[in-house]
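Inside the fold
Residues per chain are reported as follows:
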Amino acid sequence: MFAVYAARIDRDQPLNGLELGDRPAPQAREGWSVVDVKAASLNHHDLWSLRGVGLPEDRLPMILGCDAAGVDEDGNEVVLHSVIGQSGHGVGPREPRSILTERYQGTFAEQVAVPTWNILPKPKELSFEEAACLPTAWLTAYRMLFTNAGVRPGDSVLVQGAGGGVATAAIVLGKAAGLRVFATSRDEAKRKRAVELGAVEAVEPGARLPQRVDAVIETVGAATWSHSVKSLRPGGTLVISGATSGDRPSHAELTRIFFLELKVVGSTMGTKDELEDLLAFCAATGVRPVIDDVLPMDRAREGFERMASGELFGKIVLRNA
């Protein structure tokens, strides 16, 4: 079957390890199901995999892709929860959790095999392309906001790095949930787009906000860390799920953190129950993922290049014919 996969690890030039071509089709086994992939979306996790983060060379070649929506063996339209081993289903209770492409072949292919427990019904209100955007970036944003930041309608939130998948999701979900959302971006066009999606105001990174916020959604890391901490009200919460600019900020702001009793919470992906809630939320409210572009699977390299350059706003989706 046709697939998009990591053939080599290159930490400096990750796209050098990206290949498109024929790979073995997945085989059904006990407790697992094979799904025909209709659409799958790109995540920065795929670039990190090409750099060897979470993907050692002895597991290559590895089909990339965490997210997918498709059709199961019974003809049902489905969405995949991409955290494997969270429950022990299909892998046994002692295997640590992993994300598709770390231990098991991913979704950028005609078919993918996952534990049957990881399959959820796709709401009829969502297209395959829309549903394929939800299981990683949008689920991450949903958990960051509503589980780990614990914000409620009327609260204020700063989202760093508007334009990225998680950040864009946080702006849209926050607006829909009645939050007062502020955003940052170095790019003027992305700041304008953030306001169009529901941000009250979008400013350059490091700029003073009109108020201290209840929570910060942080995925940028080192470049925005100090600003994130300084933007919180006393007792506020900083939730971090990524560090695309690096994980070693020049100023950790430890004094401010302990003196103002700030909370720093790490967040990774989300649970199957949270994904189910997110799907229902989107179906009921009309909220839809922001899609930058939909490409055929054989143009995956183009999508990877755009994601690596940062020249996108929202998600890039790959679709099988």
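Residues numbered from 1 in each chain as written. Predicted model: local features only at pLDDT ≥ 70, side-chain atom pairs only at ≥ 80, totals over all residues. Heavy atoms only, no water.

1. Observations regarding the UniProt feature "domain: Enoyl reductase (ER)" (unreviewed entry) in the chain
With numbering matched to this structure, UniProt assigns "domain: Enoyl reductase (ER)" (unreviewed entry) to residues 13-318. Its end C-alpha atoms 22 Å apart, residues 13-318 is made of 27% helix and 25% strand. (UniProt positions renumbered as here; feature names shortened; annotations may be inferred. Helix = DSSP H or I, 4+ residues; strand = E, 2+ residues; numbered from the N terminus.)

2. Details of the nonpolar core
Counting 49 residues, the largest nonpolar core has Trp138, Ile171 and Leu278 as the members making the most contacts within it. With 8 residues, the single largest contributor to this core is helix 3 (residues 134-148). Apart from the residues within four sequence positions on either side, Leu278 is in contact with Leu134, Trp138, Leu139, Tyr142 and Leu173. Formed by 37 residues, the second largest nonpolar core is a distinct cluster that contains Leu15, Leu60, Val112 and Ala300. (Core = buried A, V, L, I, M, F, W, Y, C linked by side-chain atoms within 4.5 Å. Buried < 20%, exposed > 50% of the residue type's maximum accessible area, 1.4 Å probe, protein only. Contact = heavy atoms within 4.5 Å.)

3. A few points about helix 3
For helix 3, built from 15 residues, the straight-helix expectation of 21 Å at 1.5 Å per residue is missed by more than 12%, its first-to-last C-alpha distance being only 18 Å. Across the 15 residues that make up helix 3, a large majority, 12, are buried. Taken from the residues just after helix 3, Gly150 is the one with a positive phi, measuring 65°. (Expected span 1.5 Å × (residues − 1).)

4. Focus on the pattern of salt bridges
Per the stated rule, a full pass over the model turns up 15 salt bridges. The shortest N-O distance in the salt bridge between Asp214 and Arg233 comes to 2.5 Å. Remark: Arg233 occurs in strand 15 (residues 232-240) and Asp214 occurs in strand 14 (residues 213-218); sequence separation between them is 19 residues. Classification of Asp214 as buried rests on a relative accessible area of 18%. One salt-bridge network, held together by shared partners, links Asp292, Asp293 and Arg306. (Salt bridge = Lys/Arg side-chain N within 4 Å of Asp/Glu carboxyl O.)

5. Things to note about helix 8 (residues 272-285)
With 14 residues, helix 8 should cover 20 Å at 1.5 Å per step; its first-to-last C-alpha distance of 20 Å lies within 8% of that length. Considered for burial, the residues of helix 8 that qualify are Lys272, Glu274, Leu275, Leu278, Leu279 and Cys282. End-on, the buried residues of helix 8 take up no more than an arc of 160°, which puts them together on one face. In this structure, helix 8 carries Asp273 and Ala284 as exposed residues pointing more than 90 degrees from its buried face. Contacts made by the buried residues of helix 8 are with strand 6 (77-80), strand 10 (119-121), helix 3 and helix 4 (165-176). Gly286 lies just past helix 8 and shows a positive phi near 85°. (Arc of directions from axis to C-beta.)

6. Topic: the packing of aromatic side chains
The tally for this structure, following the rule as stated, stands at 3 aromatic pairs. Plain terms: the ring middles of Phe108 and Phe304 are 6.1 Å apart, the flat faces sit at 90° to each other, and that makes the pair edge-to-face. Residue Phe108 is found in the loop between strand 8 (98-99) and strand 9 (111-115), and its partner Phe304 is found in helix 9 (residues 300-309); the two are separated by 196 residues along the sequence. Residue classification places Phe304 among the buried residues on the basis of a relative accessible area of 0%. A cation over an aromatic ring shows up here: Arg51 above the ring of Trp48, its NZ or CZ 4.9 Å from the ring centre. Positioned above the aromatic ring of Trp117, the side-chain terminus of Lys272 is 4.4 Å from the ring centre. (Phe/Tyr/Trp six-rings, centres within 6.5 Å; stacked < 30°, edge-to-face > 60°. Lys NZ or Arg CZ within 6 Å of the ring centre and 35° of its normal.)

7. Concerning the environment of Lys124
Looking at the secondary structure, you find Lys124 in the loop between strand 10 and helix 2 (128-131). Note: C-alpha distance between Lys124 and Ile316 (192 residues apart in sequence) is 21 Å. In this structure the side chain of Lys124 is engaged in a polar contact, spanning 3.4 Å, whose partner is the side chain of Glu125. (Polar contact = N/O pair within 3.5 Å; in protein donor to acceptor, adjacent residues only side chain to side chain.)

8. Things to note about the sheet that holds strand 4 (residues 62-63)
Spatial ordering of the open sheet is given by 2-1-4, a layout of 3 strands whose pairing is antiparallel. Each edge of the open sheet is held by one strand with a lone partner, namely strand 2 (18-22) and strand 4. Bridge count for strand 1 (residues 2-6) against strand 2 is 5 bridges, and the pairing is antiparallel. Bridge pairing in strand 2 links Val4 to Leu20. Across the sheet, helix 9 is in contact with strand 1 and strand 2; its angle to strand 2 comes to roughly 160°. (Pairing = 2+ DSSP bridges. Axes fitted to C-alpha atoms, helices over the stretch in contact; angles between N-to-C directions.)

9. Side note on the packing of helix 3 against helix 8
Following both chains from N to C, one finds helix 3 and helix 8 inclined at 95°, their axes separated by 10 Å at the closest point. In terms of orientation, helix 3 and helix 8 fall into the roughly perpendicular class. Of helix 8, the residues touching helix 3 (which contributes Leu134, Pro135, Trp138, Leu139, Tyr142, Arg143 and Thr147) are Glu274, Leu275, Asp277, Leu278, Leu279 and Cys282. When the residues that make up the contact of helix 3 with helix 8 are grouped by side-chain class, the tally is 9 nonpolar, 1 polar and 3 charged. (Parallel < 35°, antiparallel > 145°, perpendicular 65-115°, else oblique. Nonpolar A, V, L, I, M, F, W, Y, C, P; charged D, E, K, R; others polar.)

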